[in-house]
Amino acid sequence: MWQQTFRVPNLSTSSNIIHRLSKIFQPKHVIPVNAQIKNKEITSKSQRLMLELGIIRQASPGSFHFLPLGLRALEKLIRLVDLEMSRIGAQKVMFPTLTNAKLWESTGRLDDIGPELFRLKDRHQHTYILSPTHEEAAAELLASISQISYKDLPLRLYQTTSKYRDEMKPRFGLMRGRQFMMKDLYTFDTDLETAQETYNEVCESYDNIFKKIGINFVKALGTCGAMGGSLSHEYHYRTDIGEDQLLRCLDCGYSANVQHSGNEKCGNCGNSNNLQINRGIEVGHTFLLGDKYSKPLKAFFLTQENKPNVLQMGSYGLGLSRIIAAAVEVLSSEHEIRWPRILAPYTVVIIPPKEGSKEEPHTLQIPEKLYSLLESAHPLEDNVVLDDRKHMTIGKRLLDARRVGYPYIIVIGTRAKEDPPIFELNDIEENKQLFLNESDLLIYLNNKLK
Ligand SMILES: [Zn+2]
């Protein structure tokens, strides 16, 4: 009954519109070095760079505005996740942010998670929580439907929404906030064996997502903790500000979270010498839950014999806003943001000559023509921005483009007066500068982005 077709929509609505930097809301915010030391709220490089360059803006401790460039990066990540989720037949839904506290009472988590939950009362004195996760809500949804048959399973439902946690000490910007974006998937199977198959399939899908983002990640065996269940894995990025310690066995490749396992020995092969400890930040987590939530909330299905049986669940999270911040943290220098290429707010920026320069009169038609040409190339559709702040020198705009981290910067400089015009392409990832005519430029970018 839920077998509707699922199509990934093309979110691009701007095919005839030129993205112009002069029109993009990107309030820069210079944070003097002294102030950074005094300002205890700035606790990571990625947070500082994203604030300075107008990617995000702090609203209150642990909660942030996503400004246009930051939101573009986040939306790109969501599209990437949507595509992978559709490949495993997961359907996108949206659970309400408010969850009745009674549901959390019945699974025992109201007390387990305790002070980290945001609680509120409505005018009738009913208690609700601002959900940090939705296992209860998902199980309750299934419990409320009486006619689910084994034929409707497996069922996989996910959402990409804001989650809430009353952090004692919000820090590292988007990495440990009180409001954050998560993708959370809940799966329902008839028995543990098929739930395990689902688990493996989702893990493979997560591997694909992290491979596409392109940053080295560690997949470690986790413990189930307050979430419960029988099997869990954590996905981490390695970074010095990471709050988890990951043990890696160099003999067999096994990884585990030291805080949880408390072990100085490989949990797989027993080796205790050839071990490495790295700091990591958790960016994804998978849980095989079994009936921990479905049983108390009475989420049942009807078997082939028409008998009610408890659903076997899995829960799978990706910290979307955290992935963005952690990626920036891992890739950036102290002064320049670097994005995973697939998540950069725009892939290409075009910098035309300064107003009143000797190049300007010879190149008036070129920037918009080049813009349209690049946008028409499939991988660059909706991914080019024109830096039309022509009151600024080329040098200043080039510096700015490097700081914001566009992967490819095209300068329309002196050689654009030649026939045919020659453009300066700065390939930031490869740290290369090339001089190319229009068609070679297109070939180069197409090759890079295919
Ligand atoms: Zn080992």
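None of these values were measured; they are calculated from a predicted model.

1. Quick notes on the pairing of strand β10 (residues 231-238)
Most of β10 is tucked away: 6 of the 8 residues are buried. In terms of strand pairing, β10 meets strand β13 (residues 275-290) through 8 bridges, oriented antiparallel. Residue pairing in the sheet places Glu-234 in a bridge with His-285 of β13.

2. Section: the coordination of the zinc ion
Coordination of the zinc ion by the protein comes from Cys-249 (SG), Cys-252 (SG), Cys-266 (SG) and Cys-269 (SG), over a distance range of 2.3 Å. In this structure, the zinc ion is surrounded by 4 donor atoms whose angles at the metal cover 107 to 117°, and the resulting shape is tetrahedral. One chain supplies every donor to the zinc ion, and in sequence these donors are spaced C-x2-C-x13-C-x2-C. A residue pair is termed long-range when its members are at least 10 positions apart, and Cys-252 in the loop between β11 (244-249) and β12 (255-257) and Cys-266 in the loop between α8 (258-261) and β13 qualify at 14 residues.

3. Points about the packing of aromatic side chains
Within this structure, the stated rule accounts for 7 aromatic pairs. Ring centres of Phe-210 and Phe-217 lie 5.4 Å apart, and the angle between their planes is 35°; this geometry places the pair in the tilted category. A ring pair is formed by Phe-210 and Tyr-237, whose centres lie 5.9 Å apart and whose planes are at 85°; its orientation type is edge-to-face. Placement of Phe-210 in helix α7 (residues 192-213) and of Tyr-237 in strand β10 is noted, with a sequence separation of 27 residues between them. For the pair shown, Phe-210 and Tyr-237 are each scored as buried. The structure contains a cluster of three or more aromatic residues connected by ring pairs, namely Tyr-206, Phe-210, Phe-217, Tyr-235 and Tyr-237. One cation-aromatic arrangement involves Arg-72 over Tyr-346; the distance from NZ or CZ to the ring centre is 3.8 Å.

4. Things to note about the pairing of strand β5 (residues 118-121)
Pairing of β5 with strand β6 (residues 127-130) involves 4 bridges; the strand directions are antiparallel. Across the sheet, residue Phe-118 finds its bridge partner in β6, namely Leu-130.

5. Quick look at the side chain of Asn-383
Residue position: Asn-383 is located in the loop between α10 (366-376) and β18 (384-386). Setting aside chain neighbours within four positions, we find Asn-383 in contact with Arg-72, Lys-76, Pro-345, Tyr-346, Thr-347, Val-348 and Glu-375.

6. Some points on the packing of α10 against helix α12 (residues 438-449)
Relative to each other, α10 and α12 sit at 35°, their axes nearing to 11 Å. Crossing hand, α10 versus α12: right-handed. Packed against α10, whose contacting residues are Lys-369, Leu-370, Leu-373 and Leu-374, the element α12 presents Glu-438, Leu-441, Leu-442 and Leu-445 at the interface. Taken together, the residues of the contact of α10 with α12 break down into 6 nonpolar, no polar and 2 charged.

7. Notes on the sheet that holds strand β4 (residues 98-100)
If you walk across this open sheet you meet the 3 strands as β4-β6-β5, and the pairing is antiparallel. The open sheet has two edge strands with one neighbour each: β4 and β5. Across this sheet, the average inter-strand angle for adjacent strands is 40°, counted without regard to direction. Note: β4 against β6, 3 bridges, orientation antiparallel. Directly across from Thr-99, in β6, lies its bridge partner Ile-129.

8. Here's the deal with the domain arrangement of the chain
According to the domain assignment, the chain contains domain 1 (57-331) and domain 2 (346-449). The centre of domain 1, based on its C-alpha atoms, is set 41 Å off from the matching centre of domain 2.

9. Here's the deal with the nonpolar core
Counting 65 residues, the largest nonpolar core has Leu-77, Met-85, Ile-213, Tyr-237 and Tyr-406 as its most contacted members. Residues from two domains meet in this core; each of domain 1 (57-331) and domain 2 (346-449) gives at least three. Judged by nonpolar contacts, the second largest core, of 25 residues, contains Phe-95, Leu-155, Leu-157 and Leu-297.

10. A short note on the pattern of salt bridges
Scanning all chains against the criterion turns up 31 salt bridges. We note a salt bridge from Glu-418 to Arg-415, for which the minimum N-O separation is 3.0 Å. Taking the shortest distance from any N to any O, the salt bridge between Glu-430 and Lys-448 comes out at 2.5 Å. Taken together, the residues Glu-430 in the loop between β20 (422-427) and β21 (432-437) and Lys-448 in helix α12 connect sequence positions 18 residues apart. Judged by relative accessible area, Glu-430 falls into the partly exposed class, the value being 40%. A single network of salt bridges, built from pairs that share partners, joins Arg-165, Glu-167, Arg-171, Arg-176 and Glu-243.

11. Quick word on α12
Relative to the 16 Å expected for 12 residues at 1.5 Å per residue, α12 spans 17 Å between its end C-alpha atoms, a close match to the ideal helical length. Residues Leu-441, Leu-442, Tyr-444, Leu-445 and Leu-449 constitute the buried set of α12. Projected onto a plane normal to the axis of α12, the buried residues spread over an arc of 160° and lie on a single side. Buried residues along α12 sit against β17 (348-351), α10, β19 (408-411), β20 and β21. Between a side-chain oxygen at the N-terminus of α12 and the backbone nitrogen of Ser-439 the separation is 3.2 Å; the capping residue is Asn-437.

Rules of the game
- Residues numbered from 1 in each chain as written.
- Predicted model: local features only at pLDDT ≥ 70, side-chain atom pairs only at ≥ 80, totals over all residues.
- Heavy atoms only, no water.
- Buried < 20%, exposed > 50% of the residue type's maximum accessible area, 1.4 Å probe, protein only.
- Helix = DSSP H or I, 4+ residues; strand = E, 2+ residues; numbered from the N terminus.
- Pairing = 2+ DSSP bridges.
- Donors = N, O, S within 2.8 Å, 3.2 Å for Na, K, Ca; no water.
- Tetrahedral: all angles 85-135°; square planar, octahedral: opposite > 155°, others 65-115°.
- Phe/Tyr/Trp six-rings, centres within 6.5 Å; stacked < 30°, edge-to-face > 60°.
- Lys NZ or Arg CZ within 6 Å of the ring centre and 35° of its normal.
- Contact = heavy atoms within 4.5 Å.
- Axes fitted to C-alpha atoms, helices over the stretch in contact; angles between N-to-C directions.
- Left-handed = near helix turned anticlockwise from the far one by under 90°.
- Nonpolar A, V, L, I, M, F, W, Y, C, P; charged D, E, K, R; others polar.
- Domains from an automatic or database assignment.
- Core = buried A, V, L, I, M, F, W, Y, C linked by side-chain atoms within 4.5 Å.
- Salt bridge = Lys/Arg side-chain N within 4 Å of Asp/Glu carboxyl O.
- Expected span 1.5 Å × (residues − 1).
- Arc of directions from axis to C-beta.
- Polar contact = N/O pair within 3.5 Å; in protein donor to acceptor, adjacent residues only side chain to side chain.

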